[in-house]
Amino acid sequence: MPLLDALARFNDAHPWSHNAHFHPWILRQLPRHCDRALDVGCGSGDLARLLATRAGHVHGIDSDERIIGKARESTDPGLPVTFAVADGRSYDQGAPYDVITCVAVLHHLPLTEALVRFREQLAPGGILVVVGLTREDTRVQTLLGLASVPLNLVTGWIKNRGRTAPRRPVAMTAPTRPADVPYTEFAREVRRVLPGARLRRRLFWRYTLVWKKVRGDVDPGTLRTTQR
Ligand SMILES: C[S@@+](CC[C@H](N)C(=O)[O-])C[C@H]1O[C@@H](n2cnc3c(N)ncnc32)[C@H](O)[C@@H]1O
């Protein structure tokens, strides 16, 4: 369709990261200071470096060797941040964490398994903050998606104003894939595995999820029953 092609061309020429847009919001969910933080699927490490303003040590993991190379290159060696090529489905070193973040990655992982793993890896009182994507299957999501179209154009234009050539953020060179789990199914599973989680649908085709692990949380291993 000519209109969709024109939109795609405009967006290509005016790139900006929808994920980085949520970074200030993520920081607002976190305690002023914590000991250990893990960023799962850290990509080029932008969020891990920001978390280092709050955490004694931040570890960023990603399964893509090339993007971990970029994360290391962009990180001042004096920062308390380390990166590793690792699979978020099996990584289990360094736990428990006071903070776990996961931005635009959960739809790359088996949902139930990943939620249970986050719950297990958090320290009592620790906090999980996720920004992610699901397949649109609710009216609210459709409306937010439609409202995001003009806002996306305007934001892209403002962020690239005055540039002769568009500068694609390094973060946008990380591997991506479309989300296939519908929001309704996703929300049901979040409520089951992470009771009390704060889940919201957002602009720019994202949801946000915050869950705090209470002290005395039960072993969630038995919740690994529904798999995707
Ligand atoms: C859309 S990018 C998001 C990167 C970064 N969190 C951001 O906000 O810019 C998805 C990232 O998840 C990583 N990823 C995919 N599957 C993974 C897995 N099984 N374990 C760890 N990282 C994974 C990809 O390599 C990619 O860097």
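Definitions and limits used
- Residues numbered from 1 in each chain as written.
- Predicted model: local features only at pLDDT ≥ 70, side-chain atom pairs only at ≥ 80, totals over all residues.
- Heavy atoms only, no water.
- Disulfide = S-S within 2.5 Å.
- Domains from an automatic or database assignment.
- Contact = heavy atoms within 4.5 Å.
- Buried area = accessible area lost by both parts, 1.4 Å probe.
- Salt bridge = Lys/Arg side-chain N within 4 Å of Asp/Glu carboxyl O.
- Polar contact = N/O pair within 3.5 Å; in protein donor to acceptor, adjacent residues only side chain to side chain.
- Nonpolar A, V, L, I, M, F, W, Y, C, P; charged D, E, K, R; others polar.
- Phe/Tyr/Trp six-rings, centres within 6.5 Å; stacked < 30°, edge-to-face > 60°.
- Helix = DSSP H or I, 4+ residues; strand = E, 2+ residues; numbered from the N terminus.
- Lys NZ or Arg CZ within 6 Å of the ring centre and 35° of its normal.
- Near = heavy atom within 4 Å.

Q: Would you mind going over the state of the cysteines with me for this structure?
A: Here a disulfide denotes one covalent bond, and it connects the sulfur atoms of two cysteines. Per the counting criterion, the structure on display carries zero disulfides. With no disulfide partner, Cys34 has as its closest neighbouring cysteine sulfur the one in Cys42, 16 Å distant. Lacking any disulfide linkage, Cys102 is separated from the closest cysteine sulfur, that of Cys42, by 11 Å.

Q: When you look at the domain arrangement of the chain in this model, what are you seeing that I'm missing?
A: Bring the parts together and some accessible area is lost; that lost area is often taken as the interface size. Segmentation of the chain into domains returns domain 1 (2–14 + 140–173) and domain 2 (33–135 + 179–213). Between the C-alpha centres of domain 1 and domain 2 there is a distance of 25 Å. With 13 residues of domain 1 at the interface, the matching set in domain 2 holds 13 residues. Note on domain 1 versus domain 2: buried area summed over both sides is about 1000 Å², and carbon and sulfur give 65% of it. When the area that domain 1 buries against domain 2 is broken down by residue, the three leading residues are Gln141, Leu144 and Thr173, summing to 41%. The tally of links from domain 1 across to domain 2 stands at zero salt bridges. Across the contact surface, domain 1 and domain 2 share five residue pairs in polar contact (both at pLDDT 80 or more). Here the residues of the side of domain 1 that touches domain 2 are counted per class, giving seven nonpolar, six polar and no charged.

Q: What exactly am I supposed to notice about the packing of aromatic side chains here?
A: Applying the stated criterion across every chain yields a total of four aromatic pairs. When the ring of Phe186 is compared with that of Tyr207, the centres are 4.4 Å apart and the planes differ by 40°; the resulting orientation is tilted. Taken as a pair, Phe186 in helix 7 (residues 183–193) and Tyr207 in strand 7 (residues 206–212) lie far apart in primary sequence, 21 residues in all. Among the aromatic residues, those joined into a cluster by ring pairs are Trp16, Phe204 and Trp205. A cation over a ring is seen here: Arg161 above Trp157, with NZ or CZ 5.8 Å from the ring centre.

Q: Could you clarify how one ought to interpret the site of the ligand in this entry?
A: Taken together, 20 residues form the shell around the ligand, and within it Gly41, Asp62, Asp87, Gly88 and Val103 come nearest. Between the ligand and Asp87, the relevant distance is 2.9 Å, taken from a nitrogen atom to a side-chain nitrogen or oxygen of the residue. One of the backbone nitrogen or oxygen atoms of Val103 is found 2.9 Å away from a nitrogen atom of the ligand. Of the residues contributing to the shell around the ligand, the split by class is nine nonpolar, seven polar and four charged.

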